Amino acid sequence: MSKNIYLDNSATTKLNPIVLDEMMPYLKDMYGNASSIYSIGRESRKAIDKARDRVANALNANSSEIFFTNGGTESDNWAIKGVAFANRKKGNHIITTNIEHHAVLHTCQYLEKNGFEVTYLPVKENGIVDVNDFKKALRKDTILVSVMFANNEIGTVQPIKEIGEITKEKGIYFHTDAVQAVGNIPIDVNELNIDLLSLSAHKFNGPKGVGALYIRRGVNIEAFLHGGAQERNRRAGTENVAGIVGLGKAIEIATKDIEKKSKKLIELRDMTIKGLLEKIPDTRVNGDLQKRLPGNVNVCFKYIEGESILLLLDMKGVCASSGSACTSGSLDPSHVLLAIGLPHEIAHGSLRLTFSTENSKDDVEYLLDILPPIVQRLRDMSPLISKH
């Protein structure tokens, strides 16, 4: 029987069957529009309210602070554009980092074309922002800070608590793209002083095409979509009831026993890193070894191309990636790897492996068995290695 080992859970996750079961009635019999007053419409409204409660409980937020979107990209766009345009009379300066997801970077670049100034903070070699650099970047006209909770490529976890304390003291709105963090790291928006938080269901075994934005009560933000009164007049459009139900159930499951889940993922992660460093010479681990997502492994193999590794792994039944799924069609090396100081030729040889609780030690052992000969085969053909 052929192998099928999925190690790309940062790109997307498998839909939990329990989540699908909870969604099914709203795809079949309970198809009513949640804005309708008749019974099947009211049932849809109740289901949305229940999901909103579940998301709020997972973040220690209030249900009225949760707004449903079509995913992390929309949530990031809404948070950043909505706050920027609503507060431009107070200032036009935004701070972010140079390793953000493109949903944040491209949104900030759009705002720069519309009269805003953006500071892109560098990160240290371990992929983490220096809080002192952040403090120095603050200005009197700073209205928004957007720093991702955990990086989607190298898995590094940023000093969110420290940044939140500073932004609260300065009266600046703080947004975090927590798409990779939700379900992997406990998050309390009040303890961390987060004002806006983006999440996406398909990153924690929920359905694709649905996400949420947490907006702290009192945040001055413009509506994102116009045309209806849905989501309390802030995000128009008929609600994706089944998707929202799935998100609610998925986040409830993902945030339950999170320490137990993390312990297993850390064990698989560290076993993989140790094995790769021992078995494959000229291997570099990218990102901080401790302050990183539990299931994230990101390495570079010198002298070879990451895309070639992926094709050969796929032939052996292993699904992996060389970086962000959103930029997999690009020939350019990862902006994240360049930001931590890697030269282009080394950044091109990257491999990202991201685990779920469905993975096992047997999967790691199989990977460590097949990957060294794949790397060696590619190095034997590489024109780069003869130069060293």
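A few points on the structure. None of the values given here were measured: they were computed from a predicted structure. (Residues numbered from 1 in each chain as written. Predicted model: local features only at pLDDT ≥ 70, side-chain atom pairs only at ≥ 80, totals over all residues. Heavy atoms only, no water.)

Among the nonpolar cores identified, the biggest contains 63 residues, and L59, F149, I187, L197 and L199 are the most heavily contacted of them. Ranked by residues supplied to this core, first place goes to helix 8 (residues 241–254) with eight residues. The contact partners of F149, leaving out residues within four places of it in the chain, are T156, V157, Q158, I160, T176, D177, A178, A181, I185, I187, L192 and I194. L276, V285, V318 and V375 belong to the second largest nonpolar core, which has 30 residues in total. (Core = buried A, V, L, I, M, F, W, Y, C linked by side-chain atoms within 4.5 Å. Buried < 20%, exposed > 50% of the residue type's maximum accessible area, 1.4 Å probe, protein only. Helix = DSSP H or I, 4+ residues; strand = E, 2+ residues; numbered from the N terminus. Contact = heavy atoms within 4.5 Å.)

With that out of the way, let us pick up the environment of I266. For I266, the location among the structural elements is in helix 9 (residues 258–279). Given a relative accessible area of 32%, I266 falls into the partly exposed group. In the structure, I266 is positioned 54 residues away from A320 in sequence and 18 Å away in space, judged by C-alpha atoms.

What follows concerns the sheet that holds strand 10 (residues 296–301). Two strands in a sheet stick together by hydrogen bonds in their backbones, pointing the same way (parallel) or opposite ways (antiparallel). Pairing is antiparallel in the open sheet, where three strands are placed in the order 9-10-12. A strand with exactly one partner marks an edge of an open sheet, and here the two such strands are strand 9 (283–285) and strand 12 (350–354). With strand direction ignored, the average angle separating the axes of adjacent strands in the sheet is 25 degrees. Bridging between strand 10 and strand 12 involves five bridges; their strand directions are antiparallel. Directly across from V297, in strand 12, lies its bridge partner L353. On the sheet, helix 9 packs against strand 9, strand 10 and strand 12 and is oriented at approximately 15 degrees with respect to strand 10. (Pairing = 2+ DSSP bridges. Axes fitted to C-alpha atoms, helices over the stretch in contact; angles between N-to-C directions.)

Residues L15, L20, M24 and L27 make up a contiguous nonpolar surface patch of about 300 Å² in total accessible area. Within the secondary structure layout, L27 lies in helix 1 (residues 17–27). (Patch = residues over 30% accessible without salt bridge, like charges linked within 9 Å, V, L, I, M, F, W, Y side chains within 5 Å. Areas by Shrake-Rupley, 256 points an atom, 1.4 Å probe, with all protein chains shown as cover. Salt bridge = Lys/Arg side-chain N within 4 Å of Asp/Glu carboxyl O.)

Inspection of the entire model under this criterion finds 16 salt bridges. Between D8 and R352 there is a salt bridge, with its nearest N and O atoms 3.1 Å apart. Of this pair, D8 sits in the loop between strand 1 (5–6) and helix 1 while R352 sits in strand 12; the two residues are 344 residues apart in sequence, bridging distant segments of the chain. A residue is classified by how much of its surface remains accessible, and D8, at 11% relative accessible area, is buried.

Okay, the side chain of R52 next. Relative to the helices and strands, R52 resides in helix 2 (residues 39–59). According to the relative accessible area criterion, R52 is buried, its value standing at 6%. Looking at R52, its side chain comes within polar contact range of the main-chain oxygen of I66, at 2.7 Å. (Polar contact = N/O pair within 3.5 Å; in protein donor to acceptor, adjacent residues only side chain to side chain.)

This paragraph deals with the packing of helix 1 against helix 8. Two elements in contact, helix 1 and helix 8, have axes separated by 8 Å at closest approach and are oriented at 160 degrees. When the interaxial angle is binned, helix 1 and helix 8 end up roughly antiparallel. The crossing of helix 1 and helix 8 is right-handed. In contact with I18, V19, E22, M23, Y26 and L27 of helix 1, helix 8 contributes V241, A242, G243, V245, G246, K249, A250 and I253. For the contact of helix 1 with helix 8, the per-class residue count stands at 10 nonpolar, two polar and two charged. (Parallel < 35°, antiparallel > 145°, perpendicular 65-115°, else oblique. Left-handed = near helix turned anticlockwise from the far one by under 90°. Nonpolar A, V, L, I, M, F, W, Y, C, P; charged D, E, K, R; others polar.)

The next point concerns unusual backbone geometry. A positive phi is found at N233, a non-glycine position, where the angle reads about 70 degrees. Looking at the element boundaries, N233 is found in helix 7 (residues 230–233). By relative accessible area, N233 is classed as exposed at 54%. The phi torsion at D257 lies on the positive side, around 55 degrees, for a residue other than glycine. Looking at where D257 falls in the secondary structure, it is placed in the loop between helix 8 and helix 9. On the basis of relative accessible area, D257 is assigned to the exposed category, the value being 52%.

The values are spatial; any link to function lies outside them.
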